[in-house]
Amino acid sequence: MLINKVLNNNVAVVLDEQNREKIIMGRGICFKRKSGDRIDVNSVEKEFILADDAIRKRFEQVAIEVSTPCLTIAEHIIKKAIHSLGKELNENIYVALTDHIQFTINRYHQGLQLKNGMMWHIKRMYPEEYQLGLEAAGMIEAAFGVTLLEDESAFIAMHIVAAESNTEIKSVVSQTKMIQDILTIITYHFNITLSEESIHYHRFLTHLKFFMQRVTSDMHPRGGEEETSDGLFESVKTSYSEAYTCSLKIGKYIQHHLEIAVTNEETMYLTIHIQKMIMEIRKGNEKDGKF
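Quantities reported herein were computed from a predicted structural model and do not represent experimental measurements.

A. The sheet that holds strand 4 (residues 46-48), seen in detail. Pairing is antiparallel across the open sheet formed by four strands, whose spatial order is 1-2-3-4. Each edge of the sheet is formed by a strand with only one pairing partner; in this case those strands are strand 1 (2-8) and strand 4. The mean inter-strand angle of the sheet, taken between neighbouring strand axes irrespective of direction, is 25°. Where strand 2 (residues 11-15) meets strand 3 (residues 21-25), five bridges bridge the pair, whose relative direction is antiparallel. The residue bridging L15 from the neighbouring strand is E21, located in strand 3. Its contacts with the sheet place helix 2 (residues 68-85) against strand 2, strand 3 and strand 4, and it is angled at close to 70° to strand 4.

What follows is the structure, given as C-alpha cells:
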C-alpha cells in the first residue's frame, strides 16, 4: 500500500489495492517516510476504513493531535461495544471517543476530573452501555496508570448511546432527562412505584427510548389524525382511558419542552405500553397483597 499522507511517525493515510483510503497505525511506521512511499502491510498494527469523508477528515486531525495509545484504546472500546451490543455504531464515535479519552488523560494530569451530573440517570436507563463504560474506564486506567472517577464510565456510556442512536451527546443528555421526567409523570399519575428490577419496567423503558428517538427525529411541530385509523384510536382511547389520559400529559410535556406535537399514532402506542406496564404492576401488587 502507498502512503497518501503522513499524519505522524505512527499514523498515515494510505491507498490500498482497491484505491480506497485507509488510516493505518504502527509503531514508527512512517519514520523517514513521505507521501508516495510504500508501506509493508506486515508492519501495520491497526487500520481504520471510514466511509464518511467528513468523519474521516476529522479523524485524521484527531490522529495528529492525540497519542497512539489513545487511538488504540478507543478502537478496542468501540470494537467491544459493537460486539457486546450487536449493533452498528455511527462512525463519528471514532472521532468523539478518541478525543474524549485524550482530554480525560490530560485533565487527570492537571488534577482535574469532571463530575457527570447525568451519571445516575445513565446508569439506570442504559445499563448495558454503562457496564461497557465501566469496562472501558478500567482499560484506560490500566493503559495509562491513572485512577478515574466512576463518572467517567457514564461519559463513555453517553458516547456509545449517541453512536447507537446516530445522534449527538447533547441529544442524549436531553432525551435521558426527558425520559426520567416521563417516568415521573407516570409515577404520580397512577400513584405507583416503578420497580427498576422488573422485566415489564425494562420493556417499557426500551419502548420509551425508541418513542423519544422517533418523536425527536424531525424537530418541527407535527401531528394529525391521519396516522392511524380513527376506529382503532378511539377503541384504545376508550378501553384504556386512564393510560390515555396519562399519555396526553406526556404529550403536553413534550410539546411544551420541544414544540413537537405527538401524533395520534404515537399517543396510541404509548397508551398501550403504559396500560400493559400498569396492569403488570397491579397484578404483582395483588399477588403480594399490596393494594
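B. Looking closely at the side chain of H121. Mapped onto the fold, H121 is located in helix 4 (residues 119-125). A relative accessible area of 14% means that H121 is categorised as buried. Those residues in contact with H121, other than ones at most four positions away along the chain, are T176 and Q180.

C. Region of the structure containing the pattern of salt bridges. Taken as a whole and assessed by the stated rule, the structure comprises 15 salt bridges. Of the charged contacts in the structure, one is a salt bridge between K79 and E75, with a shortest N-O distance of 3.3 Å. Note that K79 and E75 are positioned in helix 2 at a spacing of four residues, about one turn of the helix. Look at the salt bridges and you will find they share partners, linking K5, E21, D53, R56 and E60 into a network.

D. Quick peek at the pairing of strand 1. By the bridge criterion, five bridges tie strand 1 to strand 2 in an arrangement that is antiparallel. Each residue of the ladder has a partner; that of L2, found in strand 2, is L15. Where strand 1 folds back on strand 2, the antiparallel hairpin that results is connected by two residues.

E. Spatial organisation of the environment of E60. Along the chain, the position of E60 falls in helix 1 (residues 53-65). Residues E60 and V41, 19 residues apart in the sequence, show an inter-C-alpha distance of 20 Å. Those residues in contact with E60, other than ones at most four positions away along the chain, are K5, L7, V13, E21 and I23. Within the local environment of E60, its side chain forms a polar contact with the side chain of K5, the two groups lying 2.9 Å apart.

F. Quick peek at the state of the cysteines. In total, this model carries zero disulfides according to the counting rule given. Cysteine C30 shares no disulfide, and the gap to the nearest cysteine sulfur, in C70, comes to 18 Å.

G. Region of the structure containing the packing of helix 3 (residues 92-109) against helix 6 (residues 151-164). Running from N to C, helix 3 and helix 6 cross one another at 170°; their axes reach a closest spacing of 10 Å. Taken together, the axes of helix 3 and helix 6 lie roughly antiparallel to each other. For the element pair helix 3 and helix 6, the recorded crossing hand is right-handed. Counting all contacts with helix 3, which are made through I93, A96, L97, H100 and T104, the residues of helix 6 involved are E152, F155, I156, H159, I160 and A163. Grouping the constituent residues of the contact of helix 3 with helix 6 by class yields seven nonpolar, three polar and one charged.

H. The arrangement of the nonpolar core in detail. In this structure, I122, L183, I186, F211, I250, I254 and I274 are the most contacted members of the largest nonpolar core, which totals 40 residues. Mapped onto this core, the elements with two or more residues apiece are helix 4, helix 6, helix 7 (169-190), helix 8 (199-215), helix 10 (241-258) and helix 11 (264-288). Contacts of L183, omitting those with residues within four sequence positions, involve M125, L194, Y201, F204, L205 and L208. Within the second largest apolar cluster, 35 residues are counted, among which are L7, L71, I78 and A163.

I. Looking closely at helix 7. Given a rise of 1.5 Å per residue, 22 residues ought to cover 32 Å, and the 32 Å separating the end C-alpha atoms of helix 7 matches this to within 8%. If you check which residues of helix 7 are buried, you get V172, Q175, T176, M178, I179, Q180, D181, I182, L183, I186, H189 and F190. Phi for N191, located one or two positions after helix 7, is positive at around 55°.

Reading guide: rules and limits
Residues numbered from 1 in each chain as written. Predicted model: local features only at pLDDT ≥ 70, side-chain atom pairs only at ≥ 80, totals over all residues. Heavy atoms only, no water. Pairing = 2+ DSSP bridges. Helix = DSSP H or I, 4+ residues; strand = E, 2+ residues; numbered from the N terminus. Axes fitted to C-alpha atoms, helices over the stretch in contact; angles between N-to-C directions. Contact = heavy atoms within 4.5 Å. Buried < 20%, exposed > 50% of the residue type's maximum accessible area, 1.4 Å probe, protein only. Salt bridge = Lys/Arg side-chain N within 4 Å of Asp/Glu carboxyl O. Polar contact = N/O pair within 3.5 Å; in protein donor to acceptor, adjacent residues only side chain to side chain. Disulfide = S-S within 2.5 Å. Parallel < 35°, antiparallel > 145°, perpendicular 65-115°, else oblique. Left-handed = near helix turned anticlockwise from the far one by under 90°. Nonpolar A, V, L, I, M, F, W, Y, C, P; charged D, E, K, R; others polar. Core = buried A, V, L, I, M, F, W, Y, C linked by side-chain atoms within 4.5 Å. Expected span 1.5 Å × (residues − 1).

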